[in-house]
Amino acid sequence: MERWAKSSDCAPDLPVVLTVEGIHGLIIHAATKAAAARGARAGARLTDARALDPALVAFPADPEGDAETLRRLAKWAGRWSPLVEVDGDGLRLDISGVAHLFGGERRLVRDIERRFASLGLTTRVAIAPTAAAAWALSHFGGDDLATLHVSALRLEPNTVRTLERLGLKTIGALLAVPRLALARRFRGAEDVVDALDRMFGRKAEPLNAAPADPPPRASLRLEEPATHPEAAPQALERLIPSLVRELEERHLGARRLSLNAYRVDGSVAVASVATTIASRDPRHLQRLLGEKAAALDPEFGFDAFALVADWTENLHSAQESLVEEPSGEREVARLVDRLTVKFGPRRVRRPQPRESHLPERASTWIPAVSSLRAKRSNPVLDRHVASLLAMTKRPEKLLDRPEAIDVIYATPEGMPRRFVWRRGVHDIARAEGPERIAPEWWRQPSSARLRDYYRVEDATGRRYWIYREGVVGDGRGGVPAWFIHGLFG
């Protein structure tokens, strides 16, 4: 309702309900305080509510927009904890080892309430040893779990009604019943014992958003919102040393860094860079991320920053050389990183081999920042491939697409003696071949024809890589066609 009210021109005291489609008509999704005072409640049919108060004003709800807003708020809540999860209509934060950064749990709660209030949103915040207890206290209030209604256990509605008929209306009343009796009466989806165990920590309920090992992270909070453009670069200079220390302690190197700048209006500006090889060199990381950080727009002001190593790899300390000369691999990687940041990953690429024996498919182009390190291979296989390449020489220049040539004279099963390519006539003086390459039957259609490749040299000394597609009588087409595919140096 608060999200709708921020974008609506209606009077705040107007009895308004938001509706969604139901099986038997419109269902009330949310109601203002004025509408609730007149009997409107979430889950009721609109026709029944209007029977009590015909003056109710109904607008269609936007559940997808609400969910997207909640996801954005979850990202914004990363200012308080690196582990945040959307939980129904609220957020769950794991604040283990975090509260002292904000002056304790009470100050953390006040800070959360104050910052959400600045966005025009009301919050009910609770901190408890278990997620289920925190949810119950935040939704039902109070500070004693035993006095809360059994619906605070997040049980099915039918289970709650059964417990009420049995006189078990509070969690304290349930605790007085032997576990064995509850386990026998409520099983499966009605497992009351399981809900109690999650409530009191006898059964773990970890956050789904929590990775096994959280990524390295450094955070910074500002006393006052900063609106000047230098705020993000200055924060980056303070965050990088802290992040590098954590990387060193965990023997990691960063492959991708993200600077999250939290604005006072609830939005988050993000600047990200990737590195070719794992690195924790502070000067290199500062140079890569500095320009992007300077481009972040503070709008109404930044009040918190977080620098996160989203992608890391193992990086142990090692001596690069005896004479302290820089590693060639590292220098090339740093150059690739700077070029990628300047021109973008799509413009800085490198060739990557692919598993295919068709020349035009044997390699592709990938972003150079992905990796400069070749995968470990089998030495025996390497020698076999090297010997194969020695026997089957490839041209230095491979055309993007094979180009058709007009053969003036050729024997039916042999090679041409003269051909025309790009309006030039070429008389073949020397030739070597053929090298037969069969179609890839698992990838190409059954009508694909084999190729016979020749290395030829014309009368002027120029050398070409040509092939005949198909042979006479192969049953896959008419007369074989000729193409040029590459040029030798």
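That block above? That's the structure.
Residues numbered from 1 in each chain as written. Predicted model: local features only at pLDDT ≥ 70, side-chain atom pairs only at ≥ 80, totals over all residues. Heavy atoms only, no water.

### Overview of the side chain of Glu-435
- As for its placement among the helices and strands, Glu-435 is situated in strand β15 (residues 424–437).
- Looking at Glu-435, the relative accessible area reads 14%, which means it is buried.
- Side chain to side chain, Glu-435 and Arg-394 meet in a polar contact 2.9 Å long. (Helix = DSSP H or I, 4+ residues; strand = E, 2+ residues; numbered from the N terminus. Buried < 20%, exposed > 50% of the residue type's maximum accessible area, 1.4 Å probe, protein only. Polar contact = N/O pair within 3.5 Å; in protein donor to acceptor, adjacent residues only side chain to side chain.)

### Structural notes on the packing of aromatic side chains
- The tally for this structure, following the rule as stated, stands at 13 aromatic pairs.
- Between the aromatic rings of Trp-80 and Phe-116, the centroid separation amounts to 5.8 Å while the plane-to-plane angle is 25 degrees, which identifies the pairing as stacked. With Trp-80 in the loop between α4 (63–76) and β4 (84–87) and Phe-116 in helix α5 (residues 105–118), this pair connects stretches of sequence that are 36 residues apart.
- Exposure remark for Trp-80: the relative accessible area of 2% places this residue in the buried category.
- A relative accessible area of 7% means that Phe-116 is categorised as buried.
- Measuring from ring centre to ring centre gives 6.0 Å for Trp-421 and Tyr-464, while their planes differ by 75 degrees; the resulting arrangement is edge-to-face. (Phe/Tyr/Trp six-rings, centres within 6.5 Å; stacked < 30°, edge-to-face > 60°.)

### Side note on the sheet that holds strand β3 (residues 57–60)
- Strand order across the open sheet formed by three strands is β2-β1-β3, with mixed pairing between neighbours. Single-partner strands in this sheet number two, and they are β2 (25–31) and β3. Taken over all neighbouring pairs, the strand axes of this sheet differ in orientation by 45 degrees on average, direction set aside.
- The pairing of strand β1 (residues 16–22) with β2 spans six bridges and is antiparallel. Looking across to β2, one finds that Val-17 is bridged to Ala-31. (Pairing = 2+ DSSP bridges. Axes fitted to C-alpha atoms, helices over the stretch in contact; angles between N-to-C directions.)

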